[in-house]
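So the chains spell out like this:
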Amino acid sequence: MQTITSLTGINPVWGVLMSTSIGIINAWGDFGQSRVNEMVTYINEHRDEFVKEVIEGNNFKTLFLNILERHMKEASEEKRKLLRNYLLNVGKGIDPNFNEYTRMNNVLDTISLDEIDFLKLWDIDGPVTKYLHTLPGAGGMIVTVSDIQNAIFGMTPRDPKLMALVAEDRKNKNNQTMLFLGYKGLLYTAFADNFGSGQEARVKEITAFGKAFLAFIKA
């Protein structure tokens, strides 16, 4: 309560949001309280980064309630970090024209951490993006699992975590991951009729929604 009072002193909207959340908080009791404390502490640590005009808007208020409830129910600490990053990045106003919050919420509910790690390969500074820019007709190449391996193995220095992500024994899993990311609208993915080749999934590029997703979950 002391932290909430401090936040309310900076902007009364925080007090309104917390008061509106009482029903959700009470429903989860002591179990949910620790997750609420986690969220409030995070907001307080980043209080100067939230843009006044953004957090006073109806979109942010609605999003706050959605994220708070998801944050209370989420068992994964890593997923809760992503939810907090999401709230902060929206509060910063990094993409003021974005309006697919329901879609974003649904993807965060269903996406796995492995899928997120894989999607990050297409980030603006990701190895796949850099790899494509070295090829003729940059950005126009269809990418397979083998191409992704080449991109990561060609890094200097090599990243052991990324190399483990695209190890030979993960080919089938990575093909499935690329398809799942396509189903979620994060990558433009097609499926070739060559079962068992390890090259079934083919990615054209990351979608606009995929780019927004990565921007919103970035720490």
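See the structure shown above.
What comes next is a walk through the structure. All values reported here derive from a predicted model rather than from experimental measurement. (Residues numbered from 1 in each chain as written. Predicted model: local features only at pLDDT ≥ 70, side-chain atom pairs only at ≥ 80, totals over all residues. Heavy atoms only, no water.)

Looking only at helices and strands, the protein features 13 helices and two strands. Principal-axis analysis of the C-alpha atoms places the extent of the protein at approximately 60 × 35 × 30 Å. Here the protein has roughly 11300 Å² of accessible surface; of this, 52% comes from carbon and sulfur atoms. Separation between the mean location of the 24 positive side-chain charges and that of the 26 negative ones in the protein comes to 1 Å. (Helix = DSSP H or I, 4+ residues; strand = E, 2+ residues; numbered from the N terminus. Areas by Shrake-Rupley, 256 points an atom, 1.4 Å probe, with all protein chains shown as cover. Lys, Arg positive; Asp, Glu negative; His and termini not counted. Charge placed at Lys NZ, Arg CZ, Asp CG, Glu CD.)

Mapped onto the elements, Lys-184 comes out in the loop between α12 (171-183) and β1 (187-191). Assessed through its relative accessible area of 18%, Lys-184 is described here as buried. Within the structure, the side chain of Lys-184 is placed 3.2 Å from the side chain of Glu-115, a separation counted as a polar contact. Other than its neighbours up to four places away in sequence, Lys-184 contacts Arg-103, Val-107, Thr-110, Ile-111, Glu-115 and Phe-209. (Buried < 20%, exposed > 50% of the residue type's maximum accessible area, 1.4 Å probe, protein only. Polar contact = N/O pair within 3.5 Å; in protein donor to acceptor, adjacent residues only side chain to side chain. Contact = heavy atoms within 4.5 Å.)

Below, the discussion takes up helix α7 (residues 101-110). Listed in full, the buried residues belonging to α7 are Tyr-101, Met-104, Asn-105, Val-107 and Leu-108. All buried residues of α7 project into a common sector of 165° when viewed along the axis, lining one side. What points out from α7, more than 90 degrees from its buried face, is the exposed set Thr-102 and Thr-110. (Arc of directions from axis to C-beta.)

Attention now goes to the nonpolar core. Membership of the largest hydrophobic core comes to 61 residues, with the highest contact counts inside it found for Trp-122, Ile-148 and Phe-213. The dominant element in this core, judged by the number of residues it contributes, is helix α3 (residues 22-45), at seven residues. Apart from residues no more than four positions distant in its own chain, Trp-122 is found in contact with Val-128, Thr-129, Val-143, Ile-148, Leu-187, Val-203 and Ile-206. (Core = buried A, V, L, I, M, F, W, Y, C linked by side-chain atoms within 4.5 Å.)

Here Ile-111 lies in the loop between α7 and α8 (113-119). Of the residues examined, Ile-111 reaches a relative accessible area of 2% and is grouped as buried. On a C-alpha basis, the gap between Ile-111 and Gln-33 in space is 25 Å, while along the polypeptide they are 78 residues apart.

This next bit is on the packing of aromatic side chains. Under the definition given, this model contains 10 aromatic pairs. Centroid distance Trp-14 to Phe-64: 6.3 Å. Interplanar angle 65°. Geometry classified as edge-to-face. Taken together, the residues Trp-14 in helix α2 (residues 13-20) and Phe-64 in helix α5 (residues 58-73) connect sequence positions 50 residues apart. Trp-14 gets classed as buried once you look at its relative accessible area, which sits at 2%. (Phe/Tyr/Trp six-rings, centres within 6.5 Å; stacked < 30°, edge-to-face > 60°.)

Here we come to the packing of α5 against α7. With their axes 11 Å apart at the nearest point, α5 and α7 run at an angle of 15° to one another. The angle between α5 and α7 places the two elements in the roughly parallel class. Here α5 runs over α7; the crossing is right-handed. Where α5 approaches α7, its residues Asn-59, Leu-63, Asn-66 and Arg-70 are matched on the opposing element by Tyr-101, Asn-105, Asn-106 and Asp-109. Looking at the contact of α5 with α7, its residues break down into two nonpolar, four polar and two charged. (Axes fitted to C-alpha atoms, helices over the stretch in contact; angles between N-to-C directions. Parallel < 35°, antiparallel > 145°, perpendicular 65-115°, else oblique. Left-handed = near helix turned anticlockwise from the far one by under 90°. Nonpolar A, V, L, I, M, F, W, Y, C, P; charged D, E, K, R; others polar.)

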